[in-house]
Amino acid sequence: MFDSLISFAFLSQTLRISIPYALPAIGGTFSERGGVANIALEGILLIAAFATTVGTFWSNDPLIGICCGVGAGMVTAFLHGIISVTLKADQIVSGIAINLLAIGVTKFSCQLIFNSSSNSARIVGMEKWNFPSSIPLLENPFVAGTVVVLIIAHVVLFRTRFGLRLRSVGEHPAAAESLGINVSRVRHAGVLISGVLAGAGGAWLAIDQHSFTDGMSAGRGFIALAALIIGKWTPLGAAGACLLFGCAESISIQLQSSFHGLQFIQLIPYIITMFVLAGFIGRSIPPATIGIPYEKEKH
Amino acid sequence: MMFSINMQHISKRFGNLRANDGVNFSVQQGEIHALVGENGAGKSTLMNILYGIHQPDEGSILLNENLVKLETPARAISFGIGMVHQHFMLIPSLTVTENIILGNELTSMLGFINSSEAERTIEQLSDRYRLPVNPRARVESLSVGQQQRVELLKLLYRNAEILILDEPTPVLTPQEVEELFHTLNNFKSMGKTVILITHKLSEVMAISNSVTVMRRGKVVTRVDTVSTSQIELARLMVGHDVEFRTVKTSPPSSMPVLVVEGVSAQSDRHLPAVRNLSLSIAGGEILGIAAIEGNGQSELIQVITGLRKPTAGKVVIKGQEYLSSRHHPPVSHIPEDRGKQGLVLDFTISENLILGRHQEKNFSGLFRLFNEKVESNAKQLIQVYDIRPPTKHLRVRNLSGGNQQKVIIARELSKNAPVIVANHPTRGLDIWAIEFVHSSLLRERTNGKAILLVSSDLEELLKLSDRIAVMYEGEIVTIVEAKNTTERELGIYMTGAVKRGA
C-alpha cells in the first residue's frame, strides 16, 4: 500500500487533482491583490466546465471547448467586476449571487441541451502531448500549461508594471490614483485574469471527466480561495497549498481503496486544510483594501 | 508680474456646501507661498482642484500664463504639479523605489520594471536634494520624517516644478521641521515653486515669501509675508480679534491621584511597547507626554484606561489598584480617534452621551433603558457643553469634528472620574474647538483632577502641562517642568538622542 503512495501514478494523480485548485487559486490571487474579494471562483469553475462541455460537444474539438470555457469564465468574472468595481456593490454578496446563479444556469441549460438536468452527454478528451516526452509528468498539456501559467503569474505580479499597479490599487487605491493610475481599470483587469484562469480550471474539470455533471465544481473554488490565503496571496504560495490539498486528496483516494467503508478517510483533505490554516503557516496579511469598493473622497 | 500659477474665480460646491466661492489664487515662480485658513476654509479643496482631483464648477486655471484644464492628477503631474498629501499617499508594504516609480515605471519592452535603473535615479535625486533614504527599504519600516522624504522624492522623480505640501509639519519633530524647511529653501533656490498649506502661523512667518488667507471658501487677503504679522494673520483667519488666555490658577496638590508602577506592556504585534514604566500625577496636575508616534504612549494609555493587560506592574488610582479588579478604572478617556474609538457615528447624540455609562443605575434597569433619563442627560450636557446643533436625535456623523469632540468631552467629563486621559484631544480641530478643549481641561485641572495629556503638538503640551514626560521606546527618558523647557529640547529627547542623566 505504501509503495503506491510514492509511485508515479500517485504523483500524476496528485498533479491532476491539483490543477482545478491551482488555476483558480492563481487567478484569485490577481483579483484579491487588486482589492476585489472573489468568492465567485466556485461559480466561475462551474459555468466554465459547462461551457467547455457544450463547446466540445458541438465542435468535437476539445480545444474549441476549452476556449469556450475560458471565455465563459471571463464573462462571469466581468459580471463580478461590473457589480463590485463599477457599481461598488458588496463583493461578497456579488460573489454569492454569482455562485447561486451558476448552479441554476448550468442546470437549466443542461436540461435544454442534453435533456437531463444532472448529466451531459460524453465528450471527447484531450490527446497526450508528445512534446516533452522526456518529462512524463508534463505530458498532460494541462499540467504543463499550469506550470507555465504559474511562473508567468508570479513574474507578472512581482516584476512588471502591471503587477506593481495591481498591488498598489489593492493596498492603497487613493495613493495609486494620486499618481494618475485608473483604479477601476486595473481592478477590472485583475478580476478578468481570475476569470480566465478559473475558467481554464473549469475546462479541465470537464475535459478530465469527459462530461459535465451537476455541481461538479464541488467546492473547489472555495478550496482555491483557502489556498490563496494559505499561500499569502502569492501565486507560488497558492500553488504550493493546492499541491498539498491535491496530495491529501490522493492519499485519501488510495486509502479508500485499501480500507473499504472507512468514511472518515474522506475527511483527510479537510482536516489537513484546517490544521494548515490553524497555524502552521503563520499569520497571512491580506491586501489592505480587500472587499472595500474604492470611492473618491468627497472633499 | 509673472505668475507661475494663476487660478481665477474658482468655485466648487459639494452639495449645499460652497467649499470654494470665487477664489483668486496666484503664486509667483520660485517663491514659497503659504496658504492658511481654519479647517473647512477651503484650502484643501482649492489645492485638490489644482492637482486635478476635483473639477471646479466655475473658474479657470493658468499655468505660466497658459490656460489649462486639469482633469486628472495625471494631467496635473504632466504640467509639473506635485502634491504631498496631509495623510501620506504611500503604500506601506512596498519598497521606497516601488512607491516612487508607481505610475511612472521605467520598463523594458515586455513591461518588466527596471528597478536597478530606478534605484540609481532615486539615489541621484536623493543626493542632489539632500534627502537621504534607502531605496530598497520597505516604507513601513521608515520613520515619519523619512516617509515625508519619500513623498518629496516622488515629486522630484516626476520633475515637479510646483510642489504643494498639505499640512506637512504636525507629524514631525521640531528637528525634522527644521530639516524640511531647509529642503524647501533648497527647492526655492533651484527655482521651484512651493505652496505650503498650514495653520501654524509661526511657520508661515518663518519660511514663506507671501501668504494667502482663506476663510469660509473665500480668499480674505494675499500679502507679502514681510508686510504682515502673526497677530494680523490670526485675525484675518478667524474674522475677528483673537485673544486666548490660559491661566493656570492653583498649583497642583501634593497628593498623587494616579500612580503607575513598573508597568510593562506589549503592542498588538506582541513586541514590548512599554518597558517598566513608572509615573505619578497629583490632583490638579497635567502631565504631558511627548513622544514620536509608536513609542509606547498609546499602549500606556490603554493600560491606564483598562483596555490593555500589562505584562507587569500596576496602576493605582486614589489608593486602589485597578489591574486585578474586574471593574473598569475610574478614568475619563478622550481617545485618539474620535470616529473609531470615541463615538458610534451612526448613533444619536443622546445615545453617544451615555455610551459606556448605559449600565449606571440612572440610565438603565434590569431589562430596559430609562429613555427619559437618557434624554434629560442629553439635554443638560448639550446645553452645558454647547454642542451644536442642539438636536438630541441627530446622528453624531453629521456633526463637525469640533462638536463630535464636544460630545466625547461632555460624556467623559460628566463621569466625574478622578483621572482624565486625553490622547491627541485637539487633532484636526479648528481654533475655536481647540480653545474649548483646552479650557475644559484646565477647568478640570482646577477641579483637582489628575490629567494625562498625550499630544504630538508640542506647543499644546507646553501650554497646558505642568510637567512633561518624554517617552522613547517605551521608557520615560526624562521628565521636565513645562515652564523650563522648549520645543527644541523636547525634540532632542524625543529622538532618543539623549538619555536621562547623560
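Residues numbered from 1 in each chain as written. Chains lettered and ligands numbered in written order. Predicted model: local features only at pLDDT ≥ 70, side-chain atom pairs only at ≥ 80, totals over all residues. Heavy atoms only, no water.

### Comments concerning the overall build of chain A
Okay, so step 1: Within chain A, the regular secondary structure consists of twelve helices and zero strands.
Okay, so step 2: For chain A, the succession of helices and strands along the chain, N to C, is α-α-α-α-α-α-α-α-α-α-α-α.
Okay, so step 3: Here chain A holds 299 residues, and the buried ones make up 51% of them.
Okay, so step 4: Counting only contacts in chain A whose residues sit at least 6 apart along the sequence, the fraction spanning at least 24 positions is 77%.
Okay, so step 5: Taken as a whole, chain A presents about 13400 Å² of accessible surface, with 68% of it coming from carbon and sulfur. (Helix = DSSP H or I, 4+ residues; strand = E, 2+ residues; numbered from the N terminus. Buried < 20%, exposed > 50% of the residue type's maximum accessible area, 1.4 Å probe, protein only. Contact = heavy atoms within 4.5 Å. Areas by Shrake-Rupley, 256 points an atom, 1.4 Å probe, with all protein chains shown as cover.)

### Focus: the sheet that holds strand β10 (residues 218-224) of chain B
Residue and element names in this part refer to chain B.
Okay, so step 1: Taken together, the six strands give an open sheet; going across it, the order is β6-β7-β8-β3-β9-β10, and neighbouring strands pair in mixed fashion. The open sheet has two edge strands with one neighbour each: β6 (81-84) and β10. The mean inter-strand angle of the sheet, taken between neighbouring strand axes irrespective of direction, is 15 degrees.
Okay, so step 2: Pairing of strand β7 (residues 162-166) with strand β8 (residues 193-198), which is carried by five bridges, proceeds in the parallel orientation. (Pairing = 2+ DSSP bridges. Axes fitted to C-alpha atoms, helices over the stretch in contact; angles between N-to-C directions.)

### Structural notes on helix α5 (residues 91-114) of chain A
Think of an α-helix as turning once every 3.6 residues; residues three or four places apart then point the same way.
Residues and elements named next belong to chain A.
Okay, so step 1: The end-to-end C-alpha distance of α5 is 33 Å, a good match for the 34 Å that 24 residues give at a rise of 1.5 Å each.
Okay, so step 2: Within α5, the full set of buried residues consists of Gln91, Ser94, Gly95, Ile98, Asn99, Ala102, Thr106, Ser109, Cys110 and Phe114.
Okay, so step 3: On its buried face, α5 is in contact with α3 (41-59), α4 (62-86) and α10 (220-230).
Okay, so step 4: Asn115 lies just past α5 and shows a positive phi near 65 degrees. (Expected span 1.5 Å × (residues − 1).)

### Concerning the nonpolar core
Residues and elements named next belong to chain B.
Okay, so step 1: If you look at the biggest cluster of nonpolar residues, it comprises 56 residues, and the most contacted ones within it are Val96, Leu153, Leu165, Leu184 and Phe187.
Okay, so step 2: Examining the composition of this core, we find that six residues originate from one element, helix α5 (residues 144-157), more than from any other.
Okay, so step 3: For Val96, the residues in contact, after removing those within four places along its chain, are Val133, Asn134, Pro135, Ala137, Val139, Leu142 and Val150.
Okay, so step 4: Listed in part, the 39 residues of the second largest apolar core include Leu413, Leu429, Leu490 and Tyr493. (Core = buried A, V, L, I, M, F, W, Y, C linked by side-chain atoms within 4.5 Å.)

### Quick notes on the packing of aromatic side chains
Okay, so step 1: Summed over all chains, the structure comprises seven aromatic pairs over all chains.
Okay, so step 2: Both rings, one in A:Phe50 and one in A:Phe212, keep their centres 5.0 Å apart while their planes meet at 80 degrees; by these two values the pair is edge-to-face. Here A:Phe50, found in helix α3, pairs with A:Phe212, found in the loop between α9 (183-209) and α10; they are 162 residues apart in sequence, far enough to count as distant. For the residue pair A:Phe50 and A:Phe212, the accessibility class agrees, reading buried in each case.
Okay, so step 3: When the centroid spacing of 5.5 Å and the interplanar angle of 70 degrees are considered together, the rings of B:Tyr129 and B:Phe187 count as edge-to-face. Taken together, the positions of B:Tyr129 in the loop between α4 (115-128) and α5 and B:Phe187 in helix α6 (residues 174-189) put the pair 58 residues apart, joining distant regions of the chain. The same class applies to B:Tyr129 as to B:Phe187, namely buried.
Okay, so step 4: Clustering of aromatic rings is evident, with ring pairs tying together A:Phe50, A:Phe57, A:Phe114 and A:Phe212.
Okay, so step 5: Between the NZ or CZ atom of B:Lys406 and the centre of the ring of B:Phe436, over which it lies, the distance is 5.0 Å. (Phe/Tyr/Trp six-rings, centres within 6.5 Å; stacked < 30°, edge-to-face > 60°. Lys NZ or Arg CZ within 6 Å of the ring centre and 35° of its normal.)

### Observations regarding the interface of chain B and chain A
Okay, so step 1: Between chain B and chain A, the residue contacts involve 29 residues of the former and 22 residues of the latter.
Okay, so step 2: Counting the surface lost from both chain B and chain A, the interface buries some 2000 Å², and carbon and sulfur atoms represent 66% of this.
Okay, so step 3: Seen at the junction of chain B and chain A, the total is two salt bridges.
Okay, so step 4: The closest approach of N and O atoms between A:Arg165 and B:Glu105, which form a salt bridge, is 2.8 Å.
Okay, so step 5: Across the contact surface, chain B and chain A share seven residue pairs in polar contact (both at pLDDT 80 or more).
Okay, so step 6: At the level of secondary structure, the elements contributing two or more residues to the side of chain B that touches chain A comprise α2 (73-78) and α3 (96-101) of chain B. (Buried area = accessible area lost by both parts, 1.4 Å probe. Salt bridge = Lys/Arg side-chain N within 4 Å of Asp/Glu carboxyl O. Polar contact = N/O pair within 3.5 Å; in protein donor to acceptor, adjacent residues only side chain to side chain.)

### A look at the pattern of salt bridges
Okay, so step 1: Scanning the model with the defined rule gives 30 salt bridges over all chains in all.
Okay, so step 2: When the shortest N-O distance is used, the salt bridge between A:Asp208 and A:Arg16 registers 3.3 Å. Note that A:Asp208 is positioned in helix α9 and A:Arg16 in helix α2 (residues 8-33), a separation of 192 residues in sequence.
Okay, so step 3: The partner of B:Glu412 in a salt bridge is B:Lys415, with the nearest N and O atoms 3.1 Å apart.
Okay, so step 4: Assessed through its relative accessible area of 6%, B:Glu412 is described here as buried.
Okay, so step 5: Linked through salt bridges whose partners overlap, the residues forming this network are B:Arg18, B:Asp21 and B:Lys218.

### Quick notes on the sheet that holds strand β15 (residues 320-321) of chain B
Residue and element names in this part refer to chain B.
Okay, so step 1: As summarised here, the arrangement of the four strands in space is β12-β11-β14-β15, forming an open sheet in which the pairing is antiparallel. Unpaired on one side and paired on the other, β12 (272-282) and β15 mark the two borders of the sheet.
Okay, so step 2: Where strand β11 (residues 256-266) lies against strand β14 (residues 312-317), five bridges are found, and the strand directions are antiparallel. Opposite Val260, over in β14, you have Val315 as the bridge partner.
Okay, so step 3: Taken strand by strand, helix α9 (residues 297-304) contacts β11, β12 and β14, and its axis lies near 120 degrees from that of β11.

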